[in-house]
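Chain by chain, the residues run as shown.
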Amino acid sequence: MSLLLAGVLFQVVQPAPPPPVVGLCRFEIATLSFAGSPSEQARCLMTPVGKRGALGPAHKRLPKGLAPLLEGRRALPDKSRVAGLLAAENIDIGGLDEPVSRARDGDPAAPLARYFVIHDTSTPYYADEPFPADIDGDAKVNSFAYYFPANADPEKFPVAHLFLNRIGQVLVGQPLSRPWRATKLETRVIGLPAKGLFLHVETVMPRRRDPAIEGWNDAIAPKPGFSRTQYDRLALLYIALSVRAGAWLIPAQHATIDHGLPQAHDDPQNFRLKDFDKALRRRLRSLG
(Lines give C-alpha, C1' and ligand atoms only; values in the text may rest on other atoms or scores of the structure.)
Protein backbone atom coordinates (compact mmCIF):
# COMPACT_ATOMS: atom_id res chain seq x y z
CA MET A 1 0.00 0.00 0.00
CA SER A 2 1.35 3.42 -0.93
CA LEU A 3 2.36 5.80 1.83
CA LEU A 4 0.87 8.64 -0.19
CA LEU A 5 -2.89 8.56 0.10
CA ALA A 6 -4.84 10.67 -2.42
CA GLY A 7 -1.99 13.12 -2.73
CA VAL A 8 -2.11 14.14 0.91
CA LEU A 9 1.25 15.41 2.10
CA PHE A 10 2.20 14.30 5.56
CA GLN A 11 4.35 16.69 7.55
CA VAL A 12 6.45 15.84 10.58
CA VAL A 13 5.42 18.10 13.41
CA GLN A 14 8.52 19.61 14.98
CA PRO A 15 8.49 20.57 18.67
CA ALA A 16 8.27 24.27 19.26
CA PRO A 17 11.66 25.85 19.96
CA PRO A 18 12.20 27.17 23.48
CA PRO A 19 11.61 30.88 23.98
CA PRO A 20 14.75 33.03 23.80
CA VAL A 21 14.52 34.00 27.48
CA VAL A 22 13.14 31.69 30.19
CA GLY A 23 12.25 31.87 33.86
CA LEU A 24 12.49 34.11 36.88
CA CYS A 25 16.20 34.79 36.44
CA ARG A 26 15.88 35.08 32.64
CA PHE A 27 17.96 32.28 31.17
CA GLU A 28 19.12 33.38 27.72
CA ILE A 29 19.33 30.60 25.17
CA ALA A 30 21.76 32.46 22.91
CA THR A 31 24.36 32.99 25.65
CA LEU A 32 23.63 29.89 27.76
CA SER A 33 23.53 32.22 30.74
CA PHE A 34 21.09 33.87 33.08
CA ALA A 35 20.72 37.61 32.65
CA GLY A 36 23.21 40.02 34.17
CA SER A 37 26.67 39.91 35.65
CA PRO A 38 27.71 36.90 37.77
CA SER A 39 26.82 38.75 40.98
CA GLU A 40 23.44 39.86 39.56
CA GLN A 41 22.71 36.29 38.51
CA ALA A 42 23.61 34.97 41.96
CA ARG A 43 21.39 37.51 43.70
CA CYS A 44 18.43 36.21 41.72
CA LEU A 45 19.34 32.52 41.78
CA MET A 46 19.89 32.57 45.56
CA THR A 47 16.50 34.17 46.31
CA PRO A 48 15.20 32.57 49.55
CA VAL A 49 13.00 29.54 48.94
CA GLY A 50 9.99 28.96 51.22
CA LYS A 51 7.50 26.17 51.76
CA ARG A 52 6.12 24.68 48.53
CA GLY A 53 8.57 26.74 46.49
CA ALA A 54 7.26 30.19 47.40
CA LEU A 55 10.05 32.71 46.96
CA GLY A 56 10.97 35.59 49.22
CA PRO A 57 12.41 38.88 48.02
CA ALA A 58 15.63 38.69 46.03
CA HIS A 59 18.83 39.74 47.75
CA LYS A 60 19.71 43.41 47.26
CA ARG A 61 23.37 42.56 47.62
CA LEU A 62 25.52 39.48 48.08
CA PRO A 63 27.13 38.82 51.48
CA LYS A 64 30.71 39.91 52.01
CA GLY A 65 32.32 36.52 51.41
CA LEU A 66 30.64 35.71 48.11
CA ALA A 67 30.50 39.20 46.63
CA PRO A 68 34.23 39.71 45.91
CA LEU A 69 34.45 36.30 44.25
CA LEU A 70 31.69 36.96 41.73
CA GLU A 71 32.68 40.59 41.22
CA GLY A 72 36.20 39.56 40.15
CA ARG A 73 37.95 40.96 43.20
CA ARG A 74 39.34 37.71 44.54
CA ALA A 75 41.28 35.08 42.64
CA LEU A 76 40.83 31.36 43.01
CA PRO A 77 42.92 29.79 45.80
CA ASP A 78 45.94 27.68 45.07
CA LYS A 79 44.89 24.32 43.60
CA SER A 80 47.40 22.30 45.61
CA ARG A 81 46.18 23.78 48.89
CA VAL A 82 42.58 22.97 48.04
CA ALA A 83 43.57 19.44 47.02
CA GLY A 84 45.40 19.04 50.31
CA LEU A 85 42.36 20.16 52.25
CA LEU A 86 40.11 17.71 50.40
CA ALA A 87 42.52 14.88 51.11
CA ALA A 88 42.82 15.83 54.78
CA GLU A 89 39.04 15.68 55.13
CA ASN A 90 38.74 12.42 53.17
CA ILE A 91 36.76 13.97 50.32
CA ASP A 92 37.30 12.53 46.84
CA ILE A 93 35.56 14.35 44.00
CA GLY A 94 37.71 12.86 41.27
CA GLY A 95 40.62 15.30 41.56
CA LEU A 96 41.01 18.92 40.54
CA ASP A 97 43.01 18.52 37.33
CA GLU A 98 40.28 17.02 35.15
CA PRO A 99 37.83 19.40 33.44
CA VAL A 100 34.25 19.84 34.55
CA SER A 101 31.41 19.15 32.13
CA ARG A 102 30.73 21.29 29.07
CA ALA A 103 27.42 22.57 27.78
CA ARG A 104 25.62 21.19 24.74
CA ASP A 105 26.12 17.61 25.95
CA GLY A 106 29.89 17.91 26.10
CA ASP A 107 30.49 19.83 22.87
CA PRO A 108 34.25 20.71 23.05
CA ALA A 109 33.49 24.17 21.67
CA ALA A 110 30.84 24.90 24.30
CA PRO A 111 31.48 26.70 27.60
CA LEU A 112 32.43 24.80 30.72
CA ALA A 113 29.93 24.41 33.54
CA ARG A 114 29.11 27.77 35.12
CA TYR A 115 26.57 27.02 37.84
CA PHE A 116 26.83 25.35 41.25
CA VAL A 117 23.29 24.11 41.88
CA ILE A 118 22.18 23.37 45.45
CA HIS A 119 19.40 20.81 45.95
CA ASP A 120 17.96 19.05 48.95
CA THR A 121 17.12 15.37 48.71
CA SER A 122 13.70 15.61 50.47
CA THR A 123 14.56 12.12 51.71
CA PRO A 124 14.01 10.13 53.88
CA TYR A 125 10.29 10.80 54.12
CA TYR A 126 8.72 10.58 57.58
CA ALA A 127 5.05 11.12 56.59
CA ASP A 128 3.20 11.94 59.85
CA GLU A 129 6.01 10.80 62.13
CA PRO A 130 8.29 13.33 63.85
CA PHE A 131 11.85 13.85 62.74
CA PRO A 132 14.48 12.03 64.80
CA ALA A 133 15.58 13.85 67.94
CA ASP A 134 19.18 13.90 66.68
CA ILE A 135 18.34 14.74 63.09
CA ASP A 136 21.91 15.60 62.13
CA GLY A 137 23.49 12.45 63.53
CA ASP A 138 20.75 9.92 62.75
CA ALA A 139 21.97 6.94 60.71
CA LYS A 140 18.78 6.63 58.64
CA VAL A 141 18.81 10.32 57.74
CA ASN A 142 22.46 10.23 56.72
CA SER A 143 22.34 7.02 54.69
CA PHE A 144 23.27 7.38 51.02
CA ALA A 145 21.49 4.13 50.12
CA TYR A 146 18.31 5.92 48.97
CA TYR A 147 20.20 7.67 46.18
CA PHE A 148 22.03 4.67 44.74
CA PRO A 149 19.30 2.04 44.18
CA ALA A 150 20.39 -1.42 43.07
CA ASN A 151 20.03 -2.17 39.35
CA ALA A 152 19.00 1.43 38.66
CA ASP A 153 19.04 2.87 35.16
CA PRO A 154 22.44 4.64 34.85
CA GLU A 155 20.79 7.26 32.64
CA LYS A 156 18.55 8.23 35.56
CA PHE A 157 20.53 7.45 38.73
CA PRO A 158 22.32 8.80 40.66
CA VAL A 159 20.44 12.05 40.11
CA ALA A 160 23.29 14.48 40.87
CA HIS A 161 27.04 14.90 40.64
CA LEU A 162 27.64 14.99 44.39
CA PHE A 163 25.76 14.02 47.55
CA LEU A 164 26.44 15.65 50.94
CA ASN A 165 24.88 14.34 54.14
CA ARG A 166 24.35 16.09 57.46
CA ILE A 167 27.54 14.77 59.06
CA GLY A 168 29.63 16.07 56.17
CA GLN A 169 30.26 12.91 54.18
CA VAL A 170 30.50 13.41 50.41
CA LEU A 171 29.79 10.80 47.76
CA VAL A 172 30.18 11.14 44.00
CA GLY A 173 27.05 10.32 42.01
CA GLN A 174 27.98 11.36 38.49
CA PRO A 175 31.55 12.33 37.51
CA LEU A 176 31.95 16.10 37.40
CA SER A 177 33.09 15.77 33.80
CA ARG A 178 29.81 14.14 32.78
CA PRO A 179 27.13 16.45 31.38
CA TRP A 180 24.07 15.92 33.55
CA ARG A 181 20.62 17.50 33.87
CA ALA A 182 18.63 17.66 37.08
CA THR A 183 16.18 20.55 36.74
CA LYS A 184 13.03 21.12 34.71
CA LEU A 185 14.69 24.06 32.96
CA GLU A 186 17.37 21.75 31.59
CA THR A 187 15.26 18.72 30.78
CA ARG A 188 11.93 20.18 29.64
CA VAL A 189 12.67 23.67 28.35
CA ILE A 190 16.23 24.20 27.15
CA GLY A 191 17.07 20.63 26.24
CA LEU A 192 20.50 19.47 25.12
CA PRO A 193 22.09 22.95 24.87
CA ALA A 194 21.94 23.22 28.66
CA LYS A 195 23.24 19.71 29.32
CA GLY A 196 26.59 20.08 31.05
CA LEU A 197 26.22 23.73 32.05
CA PHE A 198 25.20 22.96 35.64
CA LEU A 199 26.98 21.03 38.42
CA HIS A 200 24.45 19.51 40.83
CA VAL A 201 24.92 18.94 44.57
CA GLU A 202 22.26 17.11 46.58
CA THR A 203 22.26 17.92 50.29
CA VAL A 204 20.56 15.37 52.55
CA MET A 205 17.40 16.74 54.15
CA PRO A 206 14.46 14.67 55.42
CA ARG A 207 10.86 15.77 54.92
CA ARG A 208 7.47 15.07 56.48
CA ARG A 209 3.84 15.78 55.68
CA ASP A 210 2.19 19.07 56.52
CA PRO A 211 -1.21 18.14 58.05
CA ALA A 212 -2.56 21.57 57.10
CA ILE A 213 -2.33 20.57 53.42
CA GLU A 214 -4.82 18.00 52.14
CA GLY A 215 -3.41 14.77 50.73
CA TRP A 216 0.14 13.58 50.30
CA ASN A 217 2.85 16.19 50.57
CA ASP A 218 6.39 16.58 51.83
CA ALA A 219 6.13 20.28 52.64
CA ILE A 220 7.71 20.25 56.10
CA ALA A 221 11.48 20.41 56.28
CA PRO A 222 13.58 20.65 59.42
CA LYS A 223 14.60 23.97 60.90
CA PRO A 224 17.42 24.76 60.67
CA GLY A 225 17.44 23.20 57.25
CA PHE A 226 21.18 22.52 57.02
CA SER A 227 23.59 21.41 59.71
CA ARG A 228 26.63 23.53 60.45
CA THR A 229 28.78 20.72 59.08
CA GLN A 230 26.80 20.72 55.83
CA TYR A 231 27.40 24.44 55.34
CA ASP A 232 31.08 23.94 56.06
CA ARG A 233 31.49 21.10 53.57
CA LEU A 234 29.24 22.77 51.00
CA ALA A 235 31.51 25.82 51.11
CA LEU A 236 34.55 23.61 50.54
CA LEU A 237 32.82 21.87 47.63
CA TYR A 238 31.96 25.24 46.11
CA ILE A 239 35.61 26.29 46.29
CA ALA A 240 36.87 22.95 44.96
CA LEU A 241 34.47 22.81 42.02
CA SER A 242 35.28 26.42 41.15
CA VAL A 243 38.99 25.62 41.17
CA ARG A 244 38.38 22.62 38.94
CA ALA A 245 36.24 24.76 36.58
CA GLY A 246 38.91 27.48 36.47
CA ALA A 247 36.52 30.26 37.55
CA TRP A 248 34.22 31.06 40.44
CA LEU A 249 30.97 29.23 39.81
CA ILE A 250 27.66 31.04 40.17
CA PRO A 251 25.65 29.52 43.04
CA ALA A 252 22.02 28.67 42.30
CA GLN A 253 19.12 26.75 43.81
CA HIS A 254 16.91 24.15 42.18
CA ALA A 255 13.71 26.04 43.03
CA THR A 256 14.85 29.39 41.66
CA ILE A 257 16.08 27.84 38.41
CA ASP A 258 12.71 26.15 37.85
CA HIS A 259 10.44 28.81 39.35
CA GLY A 260 7.25 29.21 37.32
CA LEU A 261 7.63 25.95 35.41
CA PRO A 262 5.07 23.12 35.79
CA GLN A 263 5.88 20.69 38.62
CA ALA A 264 8.74 22.88 39.81
CA HIS A 265 10.50 21.68 42.96
CA ASP A 266 10.74 23.51 46.28
CA ASP A 267 14.35 22.79 47.27
CA PRO A 268 16.54 23.62 49.05
CA GLN A 269 14.33 24.40 52.02
CA ASN A 270 15.48 26.64 54.87
CA PHE A 271 18.82 27.41 53.23
CA ARG A 272 20.46 30.47 54.78
CA LEU A 273 22.82 32.30 52.46
CA LYS A 274 24.38 34.11 55.42
CA ASP A 275 25.33 30.82 57.06
CA PHE A 276 26.80 29.51 53.81
CA ASP A 277 28.74 32.76 53.43
CA LYS A 278 30.16 32.50 56.95
CA ALA A 279 31.36 28.98 56.16
CA LEU A 280 32.80 30.20 52.86
CA ARG A 281 34.75 32.97 54.59
CA ARG A 282 36.11 30.50 57.15
CA ARG A 283 37.26 28.20 54.39
CA LEU A 284 38.86 31.00 52.37
CA ARG A 285 40.76 32.23 55.43
CA SER A 286 42.09 28.73 56.02
CA LEU A 287 43.33 28.69 52.42
CA GLY A 288 45.09 32.03 52.76
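Scroll up a little and you will see the structure.
Parameters at a glance
- Each chain has its residues counted from 1, following the order in which its sequence is written.
- Where totals are concerned, whole chains, interfaces and linings use all residues; where local detail is concerned, this predicted model gives features only for residues with pLDDT of at least 70, and gives and counts side-chain atom pairs only at 80 or more.
- With hydrogens and water set aside, each side-chain value is computed from the structure's full complement of heavy atoms.
- For our purposes a nonpolar core is just a set of buried Ala, Val, Leu, Ile, Met, Phe, Trp, Tyr and Cys residues, chained together by side-chain atoms within 4.5 Å.
- Three exposure classes are used, based on accessible area relative to the maximum for each residue type with a 1.4 Å probe and protein chains only: buried under 20%, partly exposed in between, and exposed over 50%.
- In DSSP terms, a helix is any run of H or I states spanning at least four residues, a strand is any run of E spanning at least two, and both are numbered starting from the N terminus.
- Contacts are residue-level and defined by heavy atoms, with any inter-residue pair within 4.5 Å sufficient.
- Here, a strand pair is defined by DSSP locating no fewer than two bridges between the strands.
- Helix axes are fitted only over the stretch in contact, all axes being lines through C-alpha atoms; the angle between N-to-C directions runs from 0 to 180 degrees.
- Counted as salt bridges are all cases of a side-chain nitrogen of Lys or Arg within 4 Å of a carboxyl oxygen of Asp or Glu.

## Some thoughts on the nonpolar core
The biggest cluster of nonpolar side chains holds 66 residues, and the ones touching the most others in it are Ile 93, Phe 198 and Tyr 238. With 11 residues, helix α7 (residues 228–245) is the single largest residue contributor to this core. With residues up to four places along the chain from it excluded, the contact list for Phe 198 reads Phe 27, Phe 34, Ser 101, Ala 113, Tyr 115, Val 117, His 161, Trp 180, Leu 185, Glu 186 and Ile 257. Counting residues in each nonpolar core, the second largest holds 10 residues, with Tyr 126, Phe 131, Ile 135 and Phe 163 among its members.

## Structural notes on the sheet that holds strand β4 (residues 115–120)
Strand order in the open sheet made by the 5 strands is β6-β5-β7-β4-β8, with mixed pairing throughout. In this open sheet, the two strands that pair with only one neighbour each are β6 (170–172) and β8 (250–253). Within this sheet the neighbouring strands show an average axis-to-axis angle of 25°, counted without direction. Two elements, strand β5 (residues 162–164) and β6, share 3 bridges in a ladder whose sense is antiparallel. From the neighbouring strand, Leu 162 faces β6, where its bridge partner is Val 172. Where α7 meets the sheet, its contacts fall on β4, β5, β6, β7 (198–203) and β8, and the angle it forms with β5 comes to roughly 155°.

## Some thoughts on the pattern of salt bridges
Within the structure shown, the criterion is met by 16 salt bridges. Residue Asp 97 pairs with Lys 79 through a salt bridge whose shortest N-O separation is 3.2 Å. Of this pair, Asp 97 sits in the loop between α3 (79–88) and α4 (103–106) while Lys 79 sits in helix α3, placing them 18 residues apart in sequence. Residue Lys 79 is classed as partly exposed on the basis of its relative accessible area of 35%. For Glu 155, the salt bridge identified is with Arg 178, shortest N-O distance 3.2 Å.

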